[in-house]
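Below, each chain spelled out in residue letters.
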Amino acid sequence: METDFLLIGQGLAGSALGYRLKKAGFKIKLLDQPDLNQSTKIAAGLYNPVTGRKMVKTWNADQLFPEIEPFYQELEQVTKKSFLRPINIYRPFLSIEEQNEWMGNSADPGFSKYIQKIYQESQSEFLKDPYGGVLLKNSGWLDSKAFMEAMSEYFGEDLILDYLQEDQLQFQEGFWNYGDLKARSVIYCNGVAANQSKFFGFLPFAPVKGEILEVKQDFCPDYIVNRGVFRVHLGDGIHRVGSTYTWHDLDHGPTERAKNELTERLAGLVQLPVEEYVSHKTGIRPATKDRKPFLGKHPDLQSVYIFNGFGAKGVSLIPFYSQVMVNHLTRSTPIPSEVAITRYFNYI
């Protein structure tokens, strides 16, 4: 069986790239081991234009954010499923100085497109926000589990559920052969597993373990609260709370340390007790040393590519960069240097 592209991994990256290639008229197959997609399935899926302790605009936001909602809404129409949740994000201020700074930002065209409103006083008796906060727009979250289920159904027979046996991937007469498959190109979209690949092990992945709680708690505002920890209402008084970032403890199990850390951070944001811990989940994010993704062709091998390394911001990054990757694959359009894997070729 011949195909144009064999995509290794059907997480968020593989799903988006596979859809775009299929839409462009190419034959694709996806090889996926579902239990390796935990980082996608448990992710909060936030797309947030202002991030970090210093509350700065997300890297490359002005290119990324116009693509996010139209892309996922298109996929909702194609799959006839619902998984995009556009919603404002409220970020409390930590000081009067920060409040004043954001009053100034509200007049800056570079920020104003992401600001719904600036508040100078607390918005709820249940929040620890004495200095008010900024309500962000062009924000929300992706229900990653619903997204993955919808895309798996969409790909149908093009999705092969099996373990990758990399030693069986052999190049002969212009094709990459894998079992009865003959693919003109292979693309690694398989998250942290690519770090162990014989093809891309040279890239400086920096996997990050994240732990997320689902808790029952009163106070269900019509916005996400995010400062030090995010709190997303899932319905029925259940909230997703996260996330931790650990570079050293990369086992797949939940830890009491992370549970306590998230509980303490939540208590610093919402002045209500946790009524019940509903779940505690973990995943390993395919982050990179410089926190920018890996796009491009292998330096030596013919028709072997990578589309990977999106870390905790995959929901925001992938709509834009999946089109960049398709343009590169189909029209040889150059990949921007800040995300091209050529930036690491000197280290091989």
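Below is a short write-up of the structure.

Calculation criteria
- Residues numbered from 1 in each chain as written.
- Predicted model: local features only at pLDDT ≥ 70, side-chain atom pairs only at ≥ 80, totals over all residues.
- Heavy atoms only, no water.
- Phe/Tyr/Trp six-rings, centres within 6.5 Å; stacked < 30°, edge-to-face > 60°.
- Helix = DSSP H or I, 4+ residues; strand = E, 2+ residues; numbered from the N terminus.
- Buried < 20%, exposed > 50% of the residue type's maximum accessible area, 1.4 Å probe, protein only.
- Lys NZ or Arg CZ within 6 Å of the ring centre and 35° of its normal.
- Pairing = 2+ DSSP bridges.
- Right-handed = clockwise from strand over helix to strand, strands pointing away.

## Things to note about the packing of aromatic side chains
Two aromatic rings, taken as a pair, are described by how far apart their centres are and by the angle between their planes.
(1) Moving on: Under the counting rule described, the total for this entry stands at 23 aromatic pairs.
(2) Moving on: Both rings, one in Tyr90 and one in Tyr119, keep their centres 6.2 Å apart while their planes meet at 70°; by these two values the pair is edge-to-face. Taken together, the positions of Tyr90 in strand β7 (residues 89-92) and Tyr119 in strand β8 (residues 115-119) put the pair 29 residues apart, joining distant regions of the chain. The same class applies to Tyr90 and to Tyr119, which are both buried.
(3) Moving on: Measuring from centroid to centroid gives 5.9 Å for Tyr188 and Phe199, while their planes differ by 90°, and the two rings are edge-to-face. Highlighted residues: Tyr188 in strand β14 (residues 181-188) and Phe199 in the loop between β14 and β15 (208-216), separated in sequence by eleven residues.
(4) Moving on: Overall, the relative accessible area of 0% leaves Tyr188 in the buried class.
(5) Moving on: Of the aromatic side chains, those joined through ring pairs into one cluster are Tyr19, Phe71, Tyr72, Phe83, Phe147, Tyr154 and Phe155.
(6) Moving on: Positioned above the aromatic ring of Tyr277 is the side chain of Lys259, whose terminal nitrogen or guanidinium carbon lies 4.2 Å from the ring centre.
(7) Moving on: The aromatic ring of Trp59 is capped on one face by Lys292, whose charged end is 5.1 Å from the ring centroid.

## Observations concerning unusual backbone geometry
(1) Moving on: Omega for the bond connecting Gly242 with Ser243 falls within 30 degrees of zero, at -5°, which places this linkage in the cis form.
(2) Moving on: Secondary-structure assignment places Ser243 in the loop between β18 (238-242) and α7 (256-267).
(3) Moving on: For Lys80, which is not a glycine, the phi torsion comes out positive at approximately 60°.
(4) Moving on: With respect to the helices and strands, Lys80 occurs in the loop between α3 (61-79) and β6 (84-86).
(5) Moving on: What makes Lys80 exposed here is its relative accessible area of 73%.
(6) Moving on: Phi at Asn138 takes a positive value of approximately 55°, unusual for a residue other than glycine.
(7) Moving on: By the element assignment, Asn138 lies in the loop between β9 (133-136) and β10 (140-142).
(8) Moving on: Of the residues examined, Asn138 reaches a relative accessible area of 40% and is grouped as partly exposed.

## A short note on the pairing of strand β2 (residues 28-32)
(1) Moving on: Summarising burial for β2: five of the five residues are buried, a large majority.
(2) Moving on: Where strand β1 (residues 2-8) meets β2, four bridges bridge the pair, whose relative direction is parallel. Of the residues in β2, the one forming a bridge with Leu6 is Lys29.
(3) Moving on: In this region the chain leaves β1, passes through helix α1 (residues 12-23) and returns to the parallel neighbour β2; the handedness of that crossover is right-handed.
(4) Moving on: Here β2 pairs with strand β11 (residues 159-161) via three bridges, running parallel. What sits directly across from Asp32, in β11, is Leu161.

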